[in-house]
Amino acid sequence: MVLKAELHCHIEGAASPALVRKKARQNGISIDGLIDANGHYIWNDFTSFLNAYDRAAAVFITEQDYSDLSHDYFSSAAAQGMIYGEIFASPDHAELAGLSYTAYIEALADGIKRAGNETGIEGRIIVTCVRHFGPERAEPVARLLHTHPHPMVTGFGIGGDERMFHPADFARAFQTAADAGMGLTAHAGEFAGPESVRAVLDELDVKRIGHGVRSVEDADLLHRLREEDIVLEVCPGSNVSLGLCSGRDTHPFTALRTAGVRMTLNSDDPPFFQTSIGQEYEEGALAFRLAAVDLVAITHQAIEAAFVDEPTRQRLFQRLFDD
Ligand code: ADE
Ligand code: ZN
């Protein structure tokens, strides 16, 4: 089995319908209309997806709930050959559940460590703010990185609706996170075009872009991504599910690869898009005609772009090399 690494997975979006059902029952929360008879989340466009995501997240309330959530995701990913994963964690969602930032991060870290002890998988946490909540909510989140540092929190990012606000509105939050030593990434070029990616590169000192696939529409931007060594966290299954393209066969992955852009493969919100890191590699291999050596190169790229210290990076490269 090809060893895998993923840099783009929202932990609340990784909650399986089975775990959400269990936690909803335990915590006495209604999830009527959230999951269909086949056990799939119910949504039909980006807005209803974000709503379903928020409702699923709302059943996770206690530290045990969040520890179980990250343990579940990392254990299942390890069984698919993943050796390293970064999860987006959203303090805004924890706050809605009434959990403090430190309790939330400690709980997620506990789940990662438990999965690590059982399988050898390693993980880090990217604290993320939400674009459509605006800069007033983002800045306090970034300040938590200074007031409550945690060794497993190594990155800062932004998700949500990129059509709202402007990257410049978040420059202060990103600078605060950079000053705390965080690696930086931002979602862009998913629902908005190349101008959205360019605005992120102009305003936020990111090393990676979440999605970024619509950069394919602009040759000058592709040149810039190459020149600045930006890595795209590409999530083909998510893009197909959310209607950016009709199928993997029409996904811009190959065009971006041919243009020399650095990319990794990721699952984004796996059960919402009926995918997983294993399926992204497997279906990517078929659709983009990737041989095993190409898939290993993608894992290598992910480790190279991971928000980890150098000894950890070298250890992960070694695992890949030894395989
Ligand atoms: N949050 C969770 N999934 C997302 C996506 N695909 N795009 C933007 N924000 C998200
Ligand atoms: Zn995402």
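Keep in mind that this is a model prediction, so the values were computed, not measured.

A. Representation of the side chain of Asp269. For Asp269, the position within the fold is in the loop between β8 (262–265) and α12 (277–287). Here Asp269 is buried and forms no salt bridge, its nearest opposite-charge partner Arg248 lying at an N-O distance of 13 Å. Once you skip the residues sitting within four places of it in the chain, Asp269 turns out to touch His10, Gly13, Phe49 and Tyr53.

B. Inspection of the pairing of strand β4 (residues 153–159) at higher detail. Counting buried positions along β4 gives seven out of seven residues, so the element sits mostly inside the fold. Sheet analysis places strand β3 (residues 122–130) next to β4, joined by six bridges and oriented parallel. Among the inter-strand pairings, Thr128 is bridged to a residue of β4, identified as Gly157. As for the winding sense of the linkage, the β-α-β connection from β3 through helix α6 (residues 135–147) to β4 is right-handed. In this view, the connection linking β4 to its parallel neighbour strand β5 (residues 183–188) by way of helix α7 (residues 171–179) has right-handed handedness.

C. View of the coordination of the zinc ion (ligand 2). Protein coordination of the zinc ion (ligand 2) is provided by His8 (NE2), His10 (NE2), His187 (NE2) and Asp268 (OD), with donor distances spanning 2.1 to 2.3 Å. The coordination sphere of the zinc ion (ligand 2) comprises four donor atoms, whose angles at the metal cover 87 to 173°; the geometry is irregular. Counting the intervening residues between successive donors of the zinc ion (ligand 2) yields the motif H-x1-H-x176-H-x80-D. Linking His10 in strand β1 (residues 4–10) with His187 in strand β5, this pair joins segments that are 177 residues apart in sequence. His187 carries the same exposure label as His10, and that label is buried.

D. Representation of the packing of helix α3 (residues 63–79) against helix α5 (residues 101–119). Packing of α3 against α5 brings their axes to within 7 Å, and their N-to-C directions diverge by 35°. Seen along the crossing, α3 lies across α5 with a hand that is right-handed. For the pair α3 and α5, the contacting residues are Glu63, Gln64, Tyr66, Ser67, Asp68, Ser70, His71, Phe74, Ser75 and Ala78 in the first and Ala103, Tyr104, Ala107, Leu108, Asp110, Gly111, Ile112, Arg114, Ala115, Glu118 and Thr119 in the second. Here the contact of α3 with α5 is built from residues that sort into nine nonpolar, seven polar and five charged.

E. The arrangement of α5 in detail. A rise of 1.5 Å per residue sets the reference length of α5, with its 19 residues, at 27 Å; its end C-alpha atoms lie 27 Å apart and thus fit the reference within 8%. Along α5, the positions that sit buried rather than exposed are Tyr101, Ala103, Tyr104, Ile105, Ala107, Leu108, Ala109, Gly111, Ile112, Ala115 and Gly116. Gly120 occupies a position one or two residues after α5 and carries a positive phi of about 85°.

F. Seen up close, the site of ligand 1. Within the structure, ligand 1 sits among His10, Phe46, Phe49, Tyr53, Gly159, Gly160, His187, Glu190, His211, Leu242, Asp268 and Asp269. The backbone of Gly160 places a nitrogen or oxygen atom 2.9 Å from a nitrogen atom of ligand 1. Here a nitrogen atom of ligand 1 and a side-chain polar atom of Asp268 are 2.8 Å apart. Contact with the protein chains hides 97% of the accessible area of ligand 1, taken as 260 Å² for the molecule alone. With respect to the detected pockets, ligand 1 is housed in the largest pocket. Counting residues per element, the shell around ligand 1 draws most heavily on helix α2 (residues 46–57), at three residues. Among the residues forming the shell around ligand 1, the class breakdown is four nonpolar, five polar and three charged.

G. Representation of the layout of surface pockets in the model. Estimated volume of the largest pocket: approximately 340 Å³. Lining the largest pocket are 24 residues, with Leu50, Tyr53, His132, Gly159 and Gly160 positioned closest to its centre. Looking at the lining of the largest pocket, the elements with two or more residues in it are α2 and β3. Examining the composition of the lining of the largest pocket, we find that seven residues originate from one element, α2, more than from any other. Taken together, the residues that form the lining of the largest pocket break down as eight nonpolar, 11 polar and five charged.

Quick notes on the rules
- Residues numbered from 1 in each chain as written.
- Chains lettered and ligands numbered in written order.
- Predicted model: local features only at pLDDT ≥ 70, side-chain atom pairs only at ≥ 80, totals over all residues.
- Heavy atoms only, no water.
- Helix = DSSP H or I, 4+ residues; strand = E, 2+ residues; numbered from the N terminus.
- Buried < 20%, exposed > 50% of the residue type's maximum accessible area, 1.4 Å probe, protein only.
- Lys, Arg positive; Asp, Glu negative; His and termini not counted.
- Salt bridge = Lys/Arg side-chain N within 4 Å of Asp/Glu carboxyl O.
- Contact = heavy atoms within 4.5 Å.
- Pairing = 2+ DSSP bridges.
- Right-handed = clockwise from strand over helix to strand, strands pointing away.
- Donors = N, O, S within 2.8 Å, 3.2 Å for Na, K, Ca; no water.
- Tetrahedral: all angles 85-135°; square planar, octahedral: opposite > 155°, others 65-115°.
- Axes fitted to C-alpha atoms, helices over the stretch in contact; angles between N-to-C directions.
- Left-handed = near helix turned anticlockwise from the far one by under 90°.
- Nonpolar A, V, L, I, M, F, W, Y, C, P; charged D, E, K, R; others polar.
- Expected span 1.5 Å × (residues − 1).
- Near = heavy atom within 4 Å.
- Polar contact = N/O pair within 3.5 Å; in protein donor to acceptor, adjacent residues only side chain to side chain.
- Areas by Shrake-Rupley, 256 points an atom, 1.4 Å probe, with all protein chains shown as cover.
- 1 Å grid on protein atoms, 1.4 Å probe; cavity = no way out; pocket = protein on both sides within 12 Å on 5 of 7 lines; lining within 4 Å.
- Sits in = over half its atoms within 2 Å of the grid points.
- Points joined across faces, edges and corners; volume = space filled by probe spheres on them.

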